[in-house]
Amino acid sequence: KAGVTQTPRYLIKTRGQQVTLSCSPISGHRSVSWYQQTPGQGLQFLFEYFSETQRNKGNFPGRFSGRQFSNSRSEMNVSTLELGDSALYLCASSSAPDIYEQYFGPGTRLTVT
Amino acid sequence: KQEVTQIPAALSVPEGENLVLNCSFTDSAIYNLQWFRQDPGKGLTSLLLIQSSQREQTSGRLNASLDKSSGRSTLYIAASQPGDSATYLCAPRLANAGKSTFGDGTTLTVKP
């Protein structure tokens, strides 16, 4: 069974631009969560989707948004990029929320210049 | 707000030693707790998941315990190997919040 895939793996953007990151969960998994990882803040929860509905959202500004499609693939979008958005963005999938094991993808390394 | 603390922050041991990594959390109303390892620049690899009703889980040389009432979990690694060198993260899943909260991790170095 293929693991969680994230595209692109690396991205360089300029301040003020916007970016879209993609996550394909493990086949059969319907829950997708997104996390931001930085050296200073560690792993911070962004949002969680289940069956195309956002269940929970972390404490991030409205510039961060996401969605989930009917095939469970998920995208997250960051608009008006700031230098502080440079981070490793990780996606995790599970069969369903809360009680099942989470499996993480390799991440997308975003650098904002 | 769930606070997760992992002690020690870093650990260096010679190959073959048994070791214990500690994780404490402030809110015991959790569904489960998951342990991960992360290699530099990579994603997280799931090691063990302990449900709130369980006391421990084992996988190969790894054993994780959970004491939910006291807000503590430990990860025991037996007969450590250089390939075990990585950062180990614990993540309790808070009930009614729909998210996992991560500690800052313990960075383990196993020297040959």
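Report on the accompanying structure. Residue numbers run consecutively from 1 along every chain, following the written order of its sequence. Chain letters start at A and ligand numbers start at 1, both assigned in the order the entries are written. Reporting in this predicted model follows two pLDDT cut-offs: at least 70 for local features of residues, and 80 or more for side-chain atom pairs to be given and counted; totals over whole chains, interfaces and linings ignore these cut-offs and use all residues. The basis for every side-chain value is the complete set of non-hydrogen atoms in the structure, without hydrogens or water.

Let us now look at the overall build of chain A. What chain A contains, in helices and strands, is zero helices and eleven strands. In this text, helices come from DSSP runs of H or I with a minimum length of four residues, and strands from runs of E with a minimum of two, each type numbered from the N-terminal end. Helices and strands in chain A line up, N terminus first, as β-β-β-β-β-β-β-β-β-β-β. In terms of overall dimensions, chain A is globule-like: its C-alpha atoms have a radius of gyration of 13 Å, near the 13 Å expected for 113 residues. Along the first, second and third principal axes, the C-alpha set of chain A runs to 35 × 25 × 25 Å. Partly exposed describes any residue whose relative accessible area lies between the buried limit of under 20% and the exposed limit of over 50%, with all areas from a 1.4 Å probe on protein chains only and scaled to the type maximum. Classification of the 113 residues of chain A by burial places 50% in the buried group. Whether two residues are in contact is decided by their heavy atoms, any of which lying within 4.5 Å being enough. Long-range pairs, those at least 24 residues apart, make up 54% of the contacts in chain A with a sequence separation of at least 6. Per-residue accessibility takes into account occlusion by the displayed protein chains alone, with areas from the Shrake-Rupley method and a 1.4 Å probe. Of the roughly 5300 Å² that chain A leaves accessible, carbon and sulfur atoms contribute 47%. If you average the places of the 11 positive and of the 7 negative side-chain charges in chain A, the two averages end up 6 Å apart. The atom set for the radius of gyration is the C-alpha atoms, and the globule formula is 2.2 Å times the number of residues raised to the power 0.38. In this tally Asp and Glu are treated as negative and Lys and Arg as positive; neither His nor the chain ends contributes. Taken as the charge location is NZ of Lys, CZ of Arg, CG of Asp or CD of Glu.

On to the interface of chain B and chain A, then. Facing the 19 residues of chain B at the interface are 19 residues of chain A. The buried area of a pairing is the accessible area, by a 1.4 Å probe, that goes missing from both parts when the two are put together, added over both. Summed over the three residues of chain B that lose the most area to chain A, namely Leu44, Arg93 and Phe102 of chain B, the buried surface amounts to 28% of that side. Only one rule defines a salt bridge in this text: a Lys or Arg side-chain nitrogen within 4 Å of an Asp or Glu carboxyl oxygen. If you look at where chain B meets chain A, you find two salt bridges. With a closest N to O distance of 3.3 Å, arginine 93 of chain B and aspartate 98 of chain A form a salt bridge. Each polar contact in these results corresponds to two N or O atoms within 3.5 Å; when the atoms are within protein, one needs to be able to donate a hydrogen and the other to accept it, and residues that are neighboring in sequence are counted only if both atoms are side-chain atoms. Counting across the chain B and chain A interface gives seven residue pairs in polar contact (both at pLDDT 80 or more).

Tallied over the full model, the rule gives eleven salt bridges over all chains. The partner of arginine 55 of chain A in a salt bridge is glutamate 48 of chain A, with the nearest N and O atoms 2.7 Å apart. A salt bridge links glutamate 82 of chain A to arginine 63 of chain A; the nearest nitrogen and oxygen atoms lie 3.6 Å apart. Of this pair, glutamate 82 of chain A sits in the loop between strand 8 (74–78) and strand 9 (87–94) while arginine 63 of chain A sits in the loop between strand 6 (53–57) and strand 7 (64–68); the two residues are 19 residues apart in sequence, bridging distant segments of the chain. A single network of salt bridges, built from pairs that share partners, joins Glu48, Arg55 and Asp98 of chain A together with Arg93 of chain B.

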